[in-house]
Amino acid sequence: MSTIFEKIIAREIPAHIVYEDELVISFLDISQATEGHTLVVPKKAYATIFEIPDDLLAHTIKIVKKISNACQKAFHVEGLNILSNNGTIAGQTVFHFHFHVIPRFSDQDVIFKMSNRMNEVTTDTYKKRALLIKEAL
Ligand code: 5GP
């Protein structure tokens, strides 16, 4: 079954497309979390970052920068968030890998709540966690 983004790529459903090349498409997110909220989507569907090939990811992130620069110019943004949700638990709703470019105009227009647990983590725990990642590389 094709994703909603594949339907946009195939022009089966409409979208406000701002950029397209042979590998990537970029269009306004229907939800417009902030003015200019844009998605950058590889045309070939991979569900998450775990599946997408490195070269396609590299090209996609270059386009994220291009769109970010365009948003800065177009909307005079104060800053922006680059976001990719991977997996249901992380809030992903469309299982076709993509980046969100979310222009920011105030510190209240989007609430990302990330807890700071540094007081709960011992030096040993940091070491163990870092080791687990290094061993997995
Ligand atoms: P996710 O939740 O997977 O990180 O992001 C999916 C995004 O796709 C959501 O922000 C949602 O608003 C957007 N979206 C879902 N359906 C459509 C659609 O039909 N058109 C557009 N332009 N965006 C969509």
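These notes cover the structure that comes with them.

### Here's the deal with helix α2 (residues 54-75)
Phase 1 of the analysis: Taking 1.5 Å of rise per residue, the 22 residues of α2 would be expected to cover 32 Å, and the 31 Å separating its terminal C-alpha atoms lies within 8% of that figure.
Phase 2 of the analysis: Of the residues making up α2, those classed as buried are L56, T60, I63, V64, I67, S68 and C71. All buried residues of α2 lie within an arc of 155° about the axis, which places them on one face of the element. Along α2, exposed side chains directed more than 90 degrees from the buried face belong to D54, D55, K62, K65 and K73.
Phase 3 of the analysis: H76, located one to two residues past α2, shows a positive phi value of around 50°.

### A short note on the packing of aromatic side chains
The geometry of an aromatic ring pair is captured by the separation of the ring centres together with the interplanar angle, meaning the angle of the planes.
Phase 1 of the analysis: A full pass over the atoms with the stated rule returns two aromatic pairs.
Phase 2 of the analysis: Between F97 and F99, the ring centres sit 5.2 Å apart and the planes meet at 80°, which makes this aromatic pair edge-to-face. You'll find F97 and F99 in the same group, each marked buried.

### Quick look at the pattern of salt bridges
Phase 1 of the analysis: Throughout the structure, instances matching the rule amount to four salt bridges.
Phase 2 of the analysis: Ionic pairing is found between D109 and R104, a salt bridge with its closest N-O pair at 2.5 Å.
Phase 3 of the analysis: Since its relative accessible area comes to 28%, D109 is described here as partly exposed.
Phase 4 of the analysis: Residue R104 is classed as buried on the basis of its relative accessible area of 12%.
Phase 5 of the analysis: Within this structure, R11, E20 and K43 form a network of salt bridges that share partners.

### Digging into the pairing of strand β5 (residues 99-104)
Phase 1 of the analysis: Among the six residues that make up β5, six are buried, leaving the element largely enclosed by the rest of the structure.
Phase 2 of the analysis: Bridge analysis of strand β4 (residues 79-83) against β5 gives five bridges, and the strand direction is antiparallel. Note that in β5 the partner of L83 across the bridge is H100.

### Details of the site of the ligand
Phase 1 of the analysis: Neighbouring the ligand are 17 residues; L28, D29, N85, T93 and H100 lie closest to it.
Phase 2 of the analysis: Interatomic distance of 2.9 Å between a backbone N/O atom of V94 and an oxygen atom of the ligand.
Phase 3 of the analysis: Listed by contribution, the elements that provide at least two residues to the shell around the ligand are α1 (4-9) and β2 (24-28).
Phase 4 of the analysis: The element contributing the most residues to the shell around the ligand is α1, with three residues.
Phase 5 of the analysis: Classifying every residue of the shell around the ligand by side-chain character gives nine nonpolar, seven polar and one charged.

### Thoughts on the environment of I17
Phase 1 of the analysis: By the element assignment, I17 lies in strand β1 (residues 17-20).
Phase 2 of the analysis: On the accessibility criterion, I17 (31% relative accessible area) is partly exposed.
Phase 3 of the analysis: Sequence separation between I17 and L39 is 22 residues; the distance between their C-alpha atoms is 9.5 Å.
Phase 4 of the analysis: If sequence neighbours within four positions are ignored, I17 has contacts with R11, I25, S26 and F27.

Rules of the game
Residues numbered from 1 in each chain as written. Predicted model: local features only at pLDDT ≥ 70, side-chain atom pairs only at ≥ 80, totals over all residues. Heavy atoms only, no water. Helix = DSSP H or I, 4+ residues; strand = E, 2+ residues; numbered from the N terminus. Expected span 1.5 Å × (residues − 1). Buried < 20%, exposed > 50% of the residue type's maximum accessible area, 1.4 Å probe, protein only. Arc of directions from axis to C-beta. Phe/Tyr/Trp six-rings, centres within 6.5 Å; stacked < 30°, edge-to-face > 60°. Salt bridge = Lys/Arg side-chain N within 4 Å of Asp/Glu carboxyl O. Pairing = 2+ DSSP bridges. Near = heavy atom within 4 Å. Polar contact = N/O pair within 3.5 Å; in protein donor to acceptor, adjacent residues only side chain to side chain. Nonpolar A, V, L, I, M, F, W, Y, C, P; charged D, E, K, R; others polar. Contact = heavy atoms within 4.5 Å.

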